[in-house]
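Architecture at a glance
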Number of protein chains: 2
Amino acid sequence: MSSRSHPAVYPLDIEVTEGAADGAENGGLPDDRVRMKDVQGMPGTTSGLALRLIQFAFAAVSVAVMATTSDFPSVTAFRYLVAALSLQCLWSLSLAILDIYALLVKRCLRNPRVVSFFTIGDGTTSTLTFAAACASAGITVLISNDFNNCRENHCTRFQTSTAMAFVTWFAVLPSFFLNFWFMASR
Amino acid sequence: MSSRSHPAVYPLDIEVTEGAADGAENGGLPDDRVRMKDVQGMPGTTSGLALRLIQFAFAAVSVAVMATTSDFPSVTAFRYLVAALSLQCLWSLSLAILDIYALLVKRCLRNPRVVSFFTIGDGTTSTLTFAAACASAGITVLISNDFNNCRENHCTRFQTSTAMAFVTWFAVLPSFFLNFWFMASR
């Protein structure tokens, strides 16, 4: 029984709070939704949106910096970094757009199926991003410390791109763990 | 009120199941403990012990194979692999010993504080192991595919060691996620 088809489900003299209205809209218990509303960083919250935008920005910077070096296609790990971080870019941008939509129409995205989809997506992209960052870090350290060959290579750009990839991974982790926690605790 | 000081808390004509006895021993609700008993792979279960032994075995093989190559200390990523996988070895061995103890004395290790300690430990060691595996994979692919320089290097051993490190990481993941799930769902 949704609140749309039966708007008189709330007695007219009682003020309906936003959280309770959200809860009724999703067919859940109002109290439960109010509790969930407090978890900032989840999909459909402003801090969740901020996390997505940070992820997108750092991933984009990482790809851009790596793509400006002329010799990145000669190293497999750097090609993989560009691919993985581009995927992360697309994923974070899509979820940022979804968050903006959810915030604009005040819709709650904390539905178990949607959250499990987000968790799997975040888990996959964060693992790929971390793998790419670690592989690039291995190569960058090899070139700069072990070979001492920074004259012929764009060490600074490689290092910057790798560092941005690590920052992206750090920004994906909270999204992943919050979604996983929500999935496990419901 | 523990079952030791008041053994007559169970009426003598009712058969006490193992799970209920465990629960009472830990001061928890018997029903809750019986449900938790079913989660195989958690600390203090035979499959949890099997996971720990698999982690230990693969980490040990990875370190051993890498250590047999004469030139691994010249590459930072390979030195890091040996360090990270040795740490993983020690951690998995310690928890395997703890699991054996828990199984022998039939003690329940699924106490919230203990499980959060295990979760943090598993999360840290698995991240380090995965980072080491990815960095080594980056270097190995660089040597074998990009430089085509397998004649002068021990490519097969580097690849074997890296593969074992990835297998170790896959074996740590179930332990980590089960503990995290238990922490979130209690």
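Residues numbered from 1 in each chain as written. Chains lettered and ligands numbered in written order. Predicted model: local features only at pLDDT ≥ 70, side-chain atom pairs only at ≥ 80, totals over all residues. Heavy atoms only, no water.

**A short note on the state of the cysteines**
Counted according to the given criterion, the structure contains two disulfides over all chains. With its sulfur 2.1 Å from that of its partner, Cys150 of chain A forms a disulfide with Cys155 of chain A. Measuring handedness by torsion sign, the sulfur bridge of Cys150 of chain A and Cys155 of chain A sits at about -95° and is left-handed. For Cys150 of chain A, a relative accessible area of 34% corresponds to the partly exposed category. With a relative accessible area of 6%, Cys155 of chain A lands in the buried category. Free cysteine Cys134 of chain A: the closest other cysteine sulfur is in Cys134 of chain B, separated by 5.1 Å. (Disulfide = S-S within 2.5 Å. Buried < 20%, exposed > 50% of the residue type's maximum accessible area, 1.4 Å probe, protein only.)

**Some thoughts on the packing of helix α5 (residues 112-146) of chain A against helix α5 (residues 112-146) of chain B**
For the pair α5 of chain A and α5 of chain B, interaxial distance at closest approach is 7 Å and the crossing angle is 55°. The angle between α5 of chain A and α5 of chain B falls in the class oblique. Our pair here, α5 of chain A against α5 of chain B, has a crossing hand that is right-handed. Counting all contacts with α5 of chain A, which are made through Thr127, Phe130, Ala131, Cys134, Ala135, Gly138, Ile139 and Leu142 of chain A, the residues of α5 of chain B involved are Thr127, Phe130, Ala131, Cys134, Ala135, Gly138, Ile139 and Leu142 of chain B. (Axes fitted to C-alpha atoms, helices over the stretch in contact; angles between N-to-C directions. Helix = DSSP H or I, 4+ residues; strand = E, 2+ residues; numbered from the N terminus. Parallel < 35°, antiparallel > 145°, perpendicular 65-115°, else oblique. Left-handed = near helix turned anticlockwise from the far one by under 90°. Contact = heavy atoms within 4.5 Å.)

**Description of the nonpolar core**
Membership of the largest hydrophobic core comes to 42 residues, with the highest contact counts inside it found for Leu85 and Ile139 of chain A together with Leu85 and Ile139 of chain B. Elements that contribute at least two residues to this core include exactly α3 (46-68), α4 (76-104), α5 and α6 (155-185) of chain A together with α3 (46-68), α4 (76-104), α5 and α6 (155-185) of chain B. Among residues more than four places away in sequence, those in contact with Leu85 of chain B are Ala59, Ser62, Val63, Thr129, Ala132, Ala165 and Thr168 of chain B. In this structure, Phe130, Ala131 and Cys134 of chain A together with Phe130 of chain B belong to the second largest nonpolar core, which totals nine residues. (Core = buried A, V, L, I, M, F, W, Y, C linked by side-chain atoms within 4.5 Å.)

**Regarding the UniProt feature "transmembrane region" (unreviewed entry) in chain A**
All names here are of chain A. In the UniProt entry, the feature "transmembrane region" (unreviewed entry) is given for residues 49-68, 80-105, 117-143 and 163-182. The straight-line gap between the two end C-alpha atoms of residues 117-143 is 39 Å; of that span, 100% is helix and 0% is strand. Taken end to end, residues 163-182 comprises 100% helix and 0% strand; its first and last C-alpha atoms sit 30 Å apart. (UniProt positions renumbered as here; feature names shortened; annotations may be inferred.)

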